[in-house]
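A closer look at the structure
One-letter residues, chain by chain:
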Amino acid sequence: MRILLDTNITIDILTNRQPFCTDSIACYKKALLHGDKIYISTVSVADVMYITKQNFSDKSKQLQTVLNFINTLKIAKVTEKDLRFGFSGIMPDFEDSLQSYCAKRHHIDYIITRDVKDFKLSNVKAIEPTVFLSLY
């Protein structure tokens, strides 16, 4: 299976954000255990670096933590086509539209997110962590 971790799931995992981290971490571990291909988009990496900076004692700790995590994932590069889709307005949230189109190009089966409602118009099915865990 091929999954894309949405930004909110990645932040849950990296910052132990309560009460969400338990299910988010369980998804990540389950996917690793089953040999699933786990992706993160380049836009998520940038967002994660910006959003999590206050969660770390210093920049080098943040860099090392995020790098160690993304080294276990595949990187889904956001392209000009993804950006153009984002600007199309088909999906109301720009970042989610980038995730959706990028996931489609990488033949992703599921986007794991806590914001399923924002992906109603996505070409790739978005599911919550608990739903993902129930697939096994």
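Scroll up for the structure.
Residues numbered from 1 in each chain as written. Predicted model: local features only at pLDDT ≥ 70, side-chain atom pairs only at ≥ 80, totals over all residues. Heavy atoms only, no water.

1. Thoughts on a nonpolar patch on the surface
The line we're drawing: Surface patches are defined over residues having more than 30% relative accessible area and no salt bridge, joining like charges when they lie within 9 Å and nonpolar side chains (Val, Leu, Ile, Met, Phe, Trp, Tyr) when within 5 Å. Here, Shrake-Rupley sampling with a 1.4 Å probe gives the accessible areas, and only protein chains in the shown set may cover a residue. Salt bridges are identified by distance alone: a Lys or Arg side-chain nitrogen within 4 Å of an Asp or Glu carboxyl oxygen. Here's how the labels work: a residue is buried when its accessible area is under 20% of the maximum for its type, exposed when over 50%, partly exposed in between, all with a 1.4 Å probe on protein chains only.
Residues Met1, Leu135 and Tyr136 make up a contiguous nonpolar surface patch of roughly 250 Å² in combined accessible area. You can call Leu135 partly exposed: its relative accessible area is 40%.

2. Some thoughts on the packing of helix α3 (residues 42-52) against helix α4 (residues 59-70)
Defined as follows: Under this scheme, a helix contributes an axis fitted over its contacting stretch, all axes are lines through C-alpha atoms, and angles between N-to-C directions fall in the 0 to 180 degree range. Secondary structure elements follow DSSP: runs of H or I no shorter than four residues count as helices, runs of E no shorter than two count as strands, and numbering proceeds from the N terminus. Throughout, a crossing is termed right-handed when the near helix is turned clockwise from the far one, and left-handed when it is turned anticlockwise from it by less than a right angle. Any two residues whose heavy atoms approach within 4.5 Å at even a single point are treated as in contact. In this count, Pro and Cys sit with the nonpolar residues alongside Ala, Val, Leu, Ile, Met, Phe, Trp and Tyr, while Asp, Glu, Lys and Arg are called charged and the others, Gly among them, polar.
Where α3 meets α4, the closest approach of the two axes is 11 Å, and the angle between their N-to-C directions is 145°. Judged by the sense of rotation from one axis to the other, the crossing of α3 with α4 is right-handed. On the side of α3, the interface is formed by Val45, Val48, Met49 and Thr52, while α4 contributes Lys59, Gln62, Leu63, Val66 and Ile70. For the contact of α3 with α4, the per-class residue count stands at six nonpolar, two polar and one charged.

3. Let's talk about the side chain of Asp36
Our working definition: Think of it this way: Lys and Arg go in the positive column, Asp and Glu in the negative one, and His and the chain ends go nowhere. Each polar contact in these results corresponds to two N or O atoms within 3.5 Å; when the atoms are within protein, one needs to be able to donate a hydrogen and the other to accept it, and residues that are neighboring in sequence are counted only if both atoms are side-chain atoms.
Mapped onto the elements of the fold, Asp36 is located in the loop between α2 (21-33) and β2 (37-41). Here Asp36 is buried and forms no salt bridge, its nearest opposite-charge partner Lys30 lying at an N-O distance of 9.5 Å. In this structure the side chain of Asp36 is engaged in a polar contact, spanning 3.5 Å, whose partner is the backbone nitrogen of Met1. Setting aside its immediate chain neighbours within four residues, Asp36 contacts Met1, Ala31, Phe132 and Tyr136.

4. A word on the nonpolar core
So the rule is basically this: The definition of a nonpolar core used throughout is a set of buried Ala, Val, Leu, Ile, Met, Phe, Trp, Tyr and Cys residues joined through side-chain atoms within 4.5 Å.
Ranked by size, the top nonpolar core spans 21 residues in total, and within it Leu5, Phe69, Leu73 and Ile112 carry the most contacts. For this core, the secondary-structure elements that each account for two or more residues are β1 (2-5), α1 (7-15), α2, β2, α3 and α4. Excluding residues that lie within four positions of it along the chain, Ile112 makes contacts with Ile3, Leu4, Leu5, Asp6, Ile9, Cys27, Ile127, Pro129 and Phe132. Leu4, Phe85, Ala103 and Val124 belong to the second-largest nonpolar core, a separate cluster that totals 13 residues.

5. Brief notes about the environment of Asp6
On the secondary structure map, Asp6 appears in the loop between β1 and α1. Spatially, the C-alpha atoms of Asp6 and Lys30 are 16 Å apart, while their sequence positions differ by 24 residues. Ignoring any residue separated from it by four or fewer positions in sequence, one finds Asp6 in contact with Ser44, Glu95, Asp96, Gln99, Ile111, Ile112, Thr113 and Phe119. A polar side-chain atom of Asp6 sits 3.0 Å from a polar atom in the side chain of Gln99.

6. Let's talk about helix α5 (residues 80-88)
Note the cut-off: This arc is taken over the directions from the axis of the helix to the C-beta atoms.
Those residues of α5 that sit buried are Asp82, Phe85 and Gly86. Buried residues in α5, looked at end-on, bunch into an arc of 105°, giving them a common side. Within α5, the exposed residues directed more than 90 degrees away from the buried face are Glu80, Lys81, Arg84 and Phe87. Gly89 sits one or two positions beyond α5 and adopts a positive phi of about 80°.

7. Focus: the environment of Lys104
By the element assignment, Lys104 lies in helix α6 (residues 94-105). You can call Lys104 partly exposed: its relative accessible area is 42%. For the pair Lys104 and Asn123, spaced 19 residues apart in the sequence, the C-alpha separation amounts to 6.5 Å. With residues near it in sequence (within four places) discarded, Lys104 still touches Asn123 and Val124.

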